[in-house]
Amino acid sequence: MKRLTVLFVMMALIITACSNNNNSNDDKGSASETGKNNTATETKDGNDSGDSKSSGKMTDVGTPRSETLIVDILGGRSPDPDRYNPYVPGAVAMDAGVHQLMFSNLWEIDTQKGTQIPDLAATFPEALDGTNTKFSFKVQEGLTWSDGQPFTAHDVEFTAKMITDSKELGYNGYFTNLIKSMKATDDYTIEVETVNPETRLAQKLGVVIWGNTFRVMPKHIWEKEDPATFKFSNPIGVGPYKLKDRDPQGNWFLWEKREDWQKSDIGKLVGEPGPKYILFKFFGPEEKRIIAMIQHDMDILQDITPESWDVLRQKNEYAQAWYKDFPYATMDDPCERGMSFNTAKEPYDNPDVRWALALMTDIKNVSMATFGGMLRVSPIQLPPIKVLQDNYHKPMLGWLKDFALEDGYKPFDESYAEGIVDMLKQQGVEGLPTDSNAIKDTFGVGWWKFDPAEAAKLLEKNGFKKDGDKWLMPDGKPWTMTINAPANFEVQSMRLAFAVADSWRKQGIDVNVQQMEGASFWDSESTGAFQIGSYWPACGLLPDTTANMTGWHQKYIVPIGEQAPGNRNRWANDRVSTLLDELDALPSDDPKVIQNITEINKEFVKGMPFIPMFGTSKFVPVDTYYWDGFQTSENAFEGPWWWWSQFKFYTPHLKSTGR
C-alpha cells in the first residue's frame, strides 16, 4: 500500500509539473542565465510518441540535439565547477564527465568478462626478478593529451613522484605504502619498485570497480604548479572528449569529441565515439529528472526510485531499463549498502552496541520502505552479486547459521527471501520468482533476526538502561545519534538512512538523519566527522576481492580530523590485517585466496564495523528516442555503470537514431 501511495503522489507531481512547467528544462544554470541560445525542445505533453519532434532541434547549451547525448549528473550540482584537481579533497565534479570522459586509468575493467584490460598501459606488470617487488610495463604509444602534447611514460613517473613528495595529499599515505619508486626508462616503459612483495599491482593501480585514485596528470602543466593548491581549471586528459564549456553555477558540463579522437585511448583501443557532444546536466529533484526523460530532454538517468520507473515506463515508450520485466533494475552493482560506524567514537567503538543495532533493524520493512522490497540482502562484507554469492554467500551459509554471539545466541535468519516474496505478493507485484533457489538468488541467502529483546540484553550488559520507551546511555544521558546520508544523489542510500532511522527510533533511540551534498558527505567519512553513515565501504566484482579490502588494513587508520587513506571506519583488527598481508603475497588464482577472504568475512561478522544490508538495485533507464545502442540485459556488452570511468568505452556503441 505504501508503495502505491508513493506512486500516486509521484504521478500527481509529474502530471502537475508537466502541465505547469512544460519543458521548463529547469532554470538552474540554463542557457538563458548564461547568455546562450536557448532553443530547447518543445514538448506538449508527457505521453509522447515522439514522431512529431526533433528535426533541427537544439539543446539549451546551443548544440544540435541529434548530436548531443544528455546525461544525468549522479552527484547533483557542483559547488566549484572550476576545480579539477583529483588529488585535493573537496568539490571536484568527478561524476559530471570528468571521471567518465576525460581522465583515464592505467588499466580498466571489463565487467562482463571479469577481467582487467589495458587502457593507458599497453601491457600488464611483469616481474623483473623473483622478489615480486620490481616490475616493468609499457604505456600506449601514439596517444596525446587533448591539448596535443604527447602522452608518455614521463607523465606516469612525474605523477608518482608528485604524490610521493606531497604528504599533504590524502592519497600519499596509501601510495607510499605501496610504491617505493616509479621510473620511466624510455618514453614508453615504466619500471616500478614496490614497498612489499605485490601480486596485484594492476588491480591496485588500475580499475576493479568505478575507477582508481591513481590518475596520471600531464607533466608539462603540473610540474609548474603546487599539487596541494592547483585547481586545474582548464583540465585536459587522454580520454576522447574535452571540456568545451561549463555552467558557472555548476549545473551542467558540456564535453566535445576531440578532433584528434584517434589519438585518445578510446580512439586507439575501441573506435570513434558516437556522440559529438555529451552534456552532463543536473535537472534538480527526481520529479524534474523524470519529466526531462519523458520529454526526451535527457537520454541517461542515473539512480531513480522504483516508483519513478513505474511512472517513466508508462509515460515514455522509448524508456528502457536493464530488464524488460521485474525486477527491471540491475541488482549486480558491485557495492552494497548499509550502516557504517565510526569505531573511533563512543559508543560505536563497542561491537556489542553495533550488534544490538543490527538486531534492532526490521530488515523486511526497511527493504519495503527503501525500494519497495526490490533489494537483495547481504549478511557479509561482500556485495551479493552472482559471482560473489557463488564464492562466498552460499558457501558460508553453514557458518552463518552456526555463528553465535558470546551468550550462545544464533542471530542468522535464513527465511528472509521467502518472507519478502510474501510481502511483495501482498503488494500486487507480478513476475516474482517461485522456485526456492531462484527466490534466494533474487533476494539473498538471508540476514539477521529482528530481535529487540536480544539487542536489549547486549545493551544492558554494557550499562545502557531503558527509561520508559527510551534508551539511555551508560552515563544516563538519552541515546541520540546522527546518520549521514546523501542529499539528492544515491537515492537508495538516502532512503535506506531514513528507513533504518525509523526502525531504530521505534526501539527507543533518538535518531537524526543528516542529508549532505556529495563533497561534504565524503569529506565527513574520510576525516571521521561522523557517527554512523549510509556509506558503502563493501565492494567487490571479482572472486579475488583483495584489492577492494586492502583499505581495511589497520595501518591506514589515522586520527579523527585527518584525511584517511583507507579504513575510514577506523576499525582495528589484527587478524584482518594479517590475512590481508598474506593475501598480498598470493597470486589471484591461489586457492588460499578464497579461504583468506572467507576468514576476513567472518571477522567482519563478529566485529560488525559496517552493517551490510542490501546489494544495490540500480534503476538507470535510458531513452532510445535520440540515441540507440545502449547496453541492456539483452545487449550486455557491459553493465549500465554510467558513473564509472569505463563510460568512455561505451561511447563507440552509441549511435544517433537520426531524429
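It should be noted that the structure appears before, not after, this text.
Residues numbered from 1 in each chain as written. Predicted model: local features only at pLDDT ≥ 70, side-chain atom pairs only at ≥ 80, totals over all residues. Heavy atoms only, no water.

Caption draft 1: Local environment of the overall build of the protein chain. Of the regular secondary structure elements, the protein chain holds 23 helices and 24 strands. Relative to the compact-globule value of 26 Å for 659 residues, the protein chain shows a C-alpha radius of gyration of 25 Å, a close match. Contacts in the protein chain between residues far apart in sequence, at least 24 positions, make up 72% of those at least 6 positions apart. Accessible area of the protein chain: about 24,100 Å², with a carbon and sulfur share of 47%. Each charge class in the protein chain was averaged separately, 69 positive and 92 negative side chains, and the resulting centres sit 1 Å apart. (Helix = DSSP H or I, 4+ residues; strand = E, 2+ residues; numbered from the N terminus. Rg over C-alpha atoms; globule rule 2.2 N^0.38 Å. Contact = heavy atoms within 4.5 Å. Areas by Shrake-Rupley, 256 points an atom, 1.4 Å probe, with all protein chains shown as cover. Lys, Arg positive; Asp, Glu negative; His and termini not counted. Charge placed at Lys NZ, Arg CZ, Asp CG, Glu CD.)

Caption draft 2: Region of the structure containing helix α10 (residues 306-315). Buried residues dominate α10, accounting for eight of its ten residues. Those residues of α10 not exposed but buried are P306, E307, S308, W309, D310, V311, L312 and K315. (Buried < 20%, exposed > 50% of the residue type's maximum accessible area, 1.4 Å probe, protein only.)

Caption draft 3: Representation of the packing of aromatic side chains in the model. Inspection of every chain in the model, using the stated rule, returns 40 aromatic pairs. An angle of 80 degrees between the planes, with centres 5.9 Å apart, marks the rings of W641 and W643 as edge-to-face. The two residues W641 and W643 agree in class, both being buried. Of the aromatic side chains, those joined through ring pairs into one cluster are Y87, Y171, Y174, F175, F214 and Y556. Sitting above the plane of the F283 ring, K281 keeps its charged end 4.7 Å from the centroid. The ring of W536 has R337 lying over it, and the distance from NZ or CZ to the ring centre is 4.1 Å. (Phe/Tyr/Trp six-rings, centres within 6.5 Å; stacked < 30°, edge-to-face > 60°. Lys NZ or Arg CZ within 6 Å of the ring centre and 35° of its normal.)

Caption draft 4: How the structure looks around unusual backbone geometry. Between F326 and the following residue, P327, the backbone shows a cis peptide bond with an omega angle of 10 degrees. Within the element layout of this structure, P327 appears in the loop between β11 (319-320) and β12 (330-341). Between E346 and P347 the backbone carries a cis peptide bond, its omega angle lying at -5 degrees. Within the secondary structure layout, P347 lies in the loop between β12 and α11 (351-359). The phi torsion at F232 lies on the positive side, around 60 degrees, for a residue other than glycine. Tracing the sequence through the fold places F232 in the loop between α7 (219-222) and β8 (241-246). The class for F232 is buried, based on a relative accessible area of 2%. For D303, which is not glycine, the phi torsion reads 65 degrees and is therefore positive. With respect to the helices and strands, D303 occurs in the loop between α9 (286-294) and α10. For D303, a relative accessible area of 3% puts it in the buried group.

Caption draft 5: Spatial organisation of the side chain of H553. Among the structural elements, H553 can be located in the loop between α20 (546-549) and α21 (574-584). A polar contact of 3.0 Å, which involves the side chain of H553, links it to the backbone nitrogen of K555. A polar contact is formed between the side chain of H553 and the side chain of D581, at a distance of 3.0 Å. Residues within four places of H553 in sequence aside, it is in contact with N567, S577, L580 and D581. (Polar contact = N/O pair within 3.5 Å; in protein donor to acceptor, adjacent residues only side chain to side chain.)

Caption draft 6: Quick look at the nonpolar core. Among the nonpolar cores identified, the biggest contains 192 residues, and L205, F214, L357, W479 and W504 are the most heavily contacted of them. Looking at which element gives the most residues to this core, the answer is helix α18 (residues 491-505), with eight residues. (Core = buried A, V, L, I, M, F, W, Y, C linked by side-chain atoms within 4.5 Å.)

Caption draft 7: Local environment of the sheet that holds β8. Taking strand neighbours across the sheet as the criterion, the four strands line up as β1-β10-β9-β8 in an open arrangement whose pairing is mixed. In the strand order of this sheet, the two ends are held by β1 (68-72) and β8, each with one partner. With direction set aside, neighbouring strand axes in the sheet form an average angle of 25 degrees. Here strand β9 (residues 252-257) pairs with strand β10 (residues 277-281) via five bridges, running antiparallel. Within β10, the position partnered with W255 by the bridge is I278. (Pairing = 2+ DSSP bridges. Axes fitted to C-alpha atoms, helices over the stretch in contact; angles between N-to-C directions.)

Caption draft 8: Focus on the packing of α11 against helix α22 (residues 591-607). Where α11 meets α22, the axes come as close as 8 Å, and the angle between the chain directions of the two elements is 85 degrees. Put simply, α11 runs roughly perpendicular to α22. On α22, the residues touching P351, R354 and W355 of α11 are V605, K606 and G607. Each residue belonging to the contact of α11 with α22 can be placed in one class, and the counts come to three nonpolar, one polar and two charged. (Parallel < 35°, antiparallel > 145°, perpendicular 65-115°, else oblique. Nonpolar A, V, L, I, M, F, W, Y, C, P; charged D, E, K, R; others polar.)

Caption draft 9: Molecular detail of the pattern of salt bridges. Under the criterion given, the structure shown has 37 salt bridges. Between K281 and D60 there is a salt bridge, with the nearest N and O atoms lying 2.6 Å from each other. With K281 in strand β10 and D60 in the loop between α2 (31-34) and β1, this residue pair connects regions lying 221 residues apart in the sequence. An identical accessibility class is assigned to K281 and D60; each is buried. Several salt bridges share partner residues, and in doing so they unite R575, E599, K602, E603 and K606 into one network. (Salt bridge = Lys/Arg side-chain N within 4 Å of Asp/Glu carboxyl O.)

Caption draft 10: Structural context of the pairing of β8. In the sheet, β8 pairs with β9 via five bridges, with the strands oriented antiparallel. Bridge assignment links L243 to a residue of β9, and that residue is W255. Hairpin connection, β8 to β9: the antiparallel pair is bridged by five residues, and G250 has positive phi, about 85 degrees.

Caption draft 11: Seen up close, the pairing of strand β5 (residues 134-138). By the bridge criterion, two bridges tie strand β4 (residues 126-127) to β5 in an arrangement that is antiparallel. Along β5, the bridge assignment pairs E126 with S136. Linking two consecutive strands that pair antiparallel, namely β4 and β5, is a turn of six residues; a positive phi of about 55 degrees is found at N132 within it. Examined bridge by bridge, β5 and strand β7 (residues 189-194) share five bridges and lie antiparallel to one another. Residue pairing in the sheet places S136 in a bridge with E191 of β7.

Caption draft 12: Spatial organisation of helix α19 (residues 518-527). Buried within α19 we find G518, F521, S524, E525, S526 and T527. Where α19 is buried, its residues meet β17 (480-486) and β18 (510-516).

Caption draft 13: Broad picture of the packing of α21 against α22. One can describe the packing of α21 onto α22 by two numbers: an axis separation of 10 Å at closest approach and a directional angle of 165 degrees. Accordingly, the angle class assigned to the pair α21 and α22 is roughly antiparallel. Where α21 crosses over α22, the two elements pack in a sense that is left-handed. Between α21 and α22, the contacting residues are R575, V576, L579, L580, E582 and L583 on the first element and K592, V593, N596, I597, E599, I600, E603 and F604 on the second. The class makeup of the residues in the contact of α21 with α22 is eight nonpolar, one polar and five charged. (Left-handed = near helix turned anticlockwise from the far one by under 90°.)

Caption draft 14: A look at the sheet that holds β5. The strand order β4-β5-β7-β6 describes an open sheet built from four strands, whose pairing is antiparallel. Edge positions in the sheet fall to β4 and β6 (179-186), since each has one partner strand and no second. Sitting on the sheet, helix α4 (residues 153-165) is in contact with β6 and β7, with an inclination near 160 degrees to β6.

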